[in-house]
Amino acid sequence: MLQVRFHDWKRQIQWIIDGENYFWQTSENGFQFTDSNQPDIVLKCSRNNLNRIAEIKLSFFISIWATGDIQFQGSFADAFRLGYIFLSDKRKRKVIFLAHCFLNTNTRFPGGCAYDGATMPLIKTVLDCGVGIIQMPCPEYLCLGLEKYKYGEMAPEEMRKCFREKAEEVIKQIKDYLKFRFDILGVIGMNPSPSCGVEITKGKGTMLGIDRDTSEKEGPGVFIEELIKLLKEERIENIPIFGIRRILPGEEGIEERLEQIKTRLSQS
Ligand code: SF4
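Residues numbered from 1 in each chain as written. Predicted model: local features only at pLDDT ≥ 70, side-chain atom pairs only at ≥ 80, totals over all residues.

Caption draft 1: Fine view of the environment of E169. With respect to the secondary-structure elements, E169 resides in helix α8 (residues 156–179). Between the C-alpha atom of E169 and that of L82, which follows or precedes it by 87 residues, the distance is 28 Å. (Helix = DSSP H or I, 4+ residues; strand = E, 2+ residues; numbered from the N terminus.)

Caption draft 2: Inspection of the site of the ligand at higher detail. Surrounding the ligand, one finds 13 residues, the nearest of these being C101, C138, E140, S193 and C196. Mapped onto the shell around the ligand, the elements with two or more residues apiece are α5 (100–103) and α7 (139–144). The dominant element in the shell around the ligand, judged by the number of residues it contributes, is α7, at 3 residues. Split by residue class, the shell around the ligand holds 7 nonpolar, 4 polar and 2 charged. (Near = placed C-beta within 6 Å. Nonpolar A, V, L, I, M, F, W, Y, C, P; charged D, E, K, R; others polar.)

Caption draft 3: Looking closely at the packing of helix α6 (residues 120–128) against helix α11 (residues 254–267). Put simply, α6 and α11 touch, their axes get as near as 10 Å, and they point 20° apart. Regarding the angle of α6 to α11, the classification is roughly parallel. Remark: the crossing between α6 and α11 carries right-handed chirality. Taking contact as the criterion, the partners of P121, L122, T125 and V126 in α6 are, on α11, I254, L258, I261, K262 and L265. (Axes fitted to C-alpha atoms, helices over the stretch in contact; angles between N-to-C directions. Parallel < 35°, antiparallel > 145°, perpendicular 65-115°, else oblique. Left-handed = near helix turned anticlockwise from the far one by under 90°. Contact = placed C-beta atoms within 7 Å.)

Caption draft 4: Focus on the pairing of strand β8 (residues 183–191). Taken together, the 5 bridges between strand β6 (residues 94–98) and β8 define a ladder with parallel strand orientation. Considered in β8, the bridge of L98 is made with I188. (Pairing = 2+ DSSP bridges.)

Caption draft 5: Region of interest: the environment of I123. Along the polypeptide, I123 turns up in helix α6. The residues touching I123, leaving out its near neighbours within four places in the chain, are F102, L103, A118 and I133.

Caption draft 6: Broad picture of the sheet that holds strand β11 (residues 241–245). Pairing in this open sheet of 4 strands is parallel, and the strands run β7-β6-β8-β11 from one edge to the other. This sheet does not close on itself; its edge strands, each paired only once, are β7 (132–135) and β11. Recorded for the sheet is a direction-independent mean angle of 30° between the axes of neighbouring strands. Bridge count between β6 and β7: 4 bridges; the pairing is parallel. Looking at the pairing, F97 lines up with I134 of β7. Across the sheet, α11 lies against β8 and β11, angled at about 155° from β11, the strand it touches most.

Caption draft 7: The arrangement of the packing of helix α3 (residues 60–67) against helix α4 (residues 76–85) in detail. Their axes nearest at 7 Å, the elements α3 and α4 cross at an angle of 145°. For the pair α3 and α4, the contacting residues are F60, F61, I64 and W65 in the first and A79, L82 and G83 in the second. When the residues that make up the contact of α3 with α4 are grouped by side-chain class, the tally is 6 nonpolar, 1 polar and no charged.

Caption draft 8: Structural context of the sheet that holds strand β3 (residues 30–33). An order of β3-β2-β1-β4-β5 is seen for the 5 strands of this open sheet, with the pairing classed as mixed. Strands at the two margins of the open sheet, each flanked by one partner only, are β3 and β5 (71–73). Along the sheet, successive strands turn relative to each other by an average axial angle of 25°, direction set aside. Across 5 bridges, strand β1 (residues 12–17) lies against strand β4 (residues 41–45) in parallel orientation. By the bridge assignment for β4, W15 is matched with L43.

Caption draft 9: Structural detail: the environment of G205. With respect to the helices and strands, G205 occurs in helix α9 (residues 204–208). What G205 contacts, discounting residues up to four positions off in sequence, is I210, D211 and D213.

Caption draft 10: Inspection of the nonpolar core at higher detail. Counting residues in each nonpolar core, the largest one holds 33 residues, and the members touching the most others are I96, L98 and A99. Elements represented by at least two residues in this core include exactly β6, α5, α6, α7, α8, β8 and α10 (222–233). Per-element accounting of this core gives the leading share, 6 residues, to α8. Beyond its immediate chain neighbours, meaning those up to four positions away, A99 contacts M136, I188, G189, M190 and C196. Counting residues in hydrophobic clusters, the runner-up holds 7 residues, among them L43, C45, I70 and L82. (Core = buried A, V, L, I, M, F, W, Y, C linked by C-beta atoms within 7 Å. Buried ≥ 20, exposed ≤ 12 C-beta atoms within 10 Å, placed from the backbone.)

Structure, rendered in structure tokens:
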């Protein structure tokens, strides 16, 4: 992480530890001691608190942001930079990208919600694995309207372009998380959505306005297709993309789907 966190960040830092002065300067390789004494940032604390930070018993950032165990002079942008350099907290740095409507079932098609607000068993399973959930945008909501009144009415190229723009937002986030070396355990779509399905879609032609076939077909939905294309264009590899089948009211079989996700997440 040195190259990322110290990139283009030239600063001199003065530590005042129990009244004694120490000067650091930054480079692409981290911190070095320096004789210069024109600091951009001043950090003042006791040796005891410094030891507690080194032993990860005290959070560096909380010490300057909340508790005052370290007195800080400088910009808050630099405070954040230092906070991540001396990061100590519980985050596991593992994330998944999840189809929007698993977390917010309100964007589903009419009759498509078996849960009040979120697909709780699935969400709970992911959270119990210590994995952060990044909710992808709902392309049908954003391109066809919240109640999808443009379904099948938009020109296919126009609709695809809109879906691609939403997929670009996901790619931007994927790149950010990769840049900061997070583990992206997967992109999880929703089978058999014509947009977010991965292995199966249903009624893709009806959404594109090219046929009236509502049977299930193999292959990805339009949003996932665009996402896969963008990943290839950006040469981003090794991110598993898979679908979990949605649950309809009265349907059974959630356990099997949860086992599937548990296995996937525990293998990662
Ligand atoms: S499957 Fe995708 S497009 Fe359909 S409601 Fe869910 S998030 Fe929106």
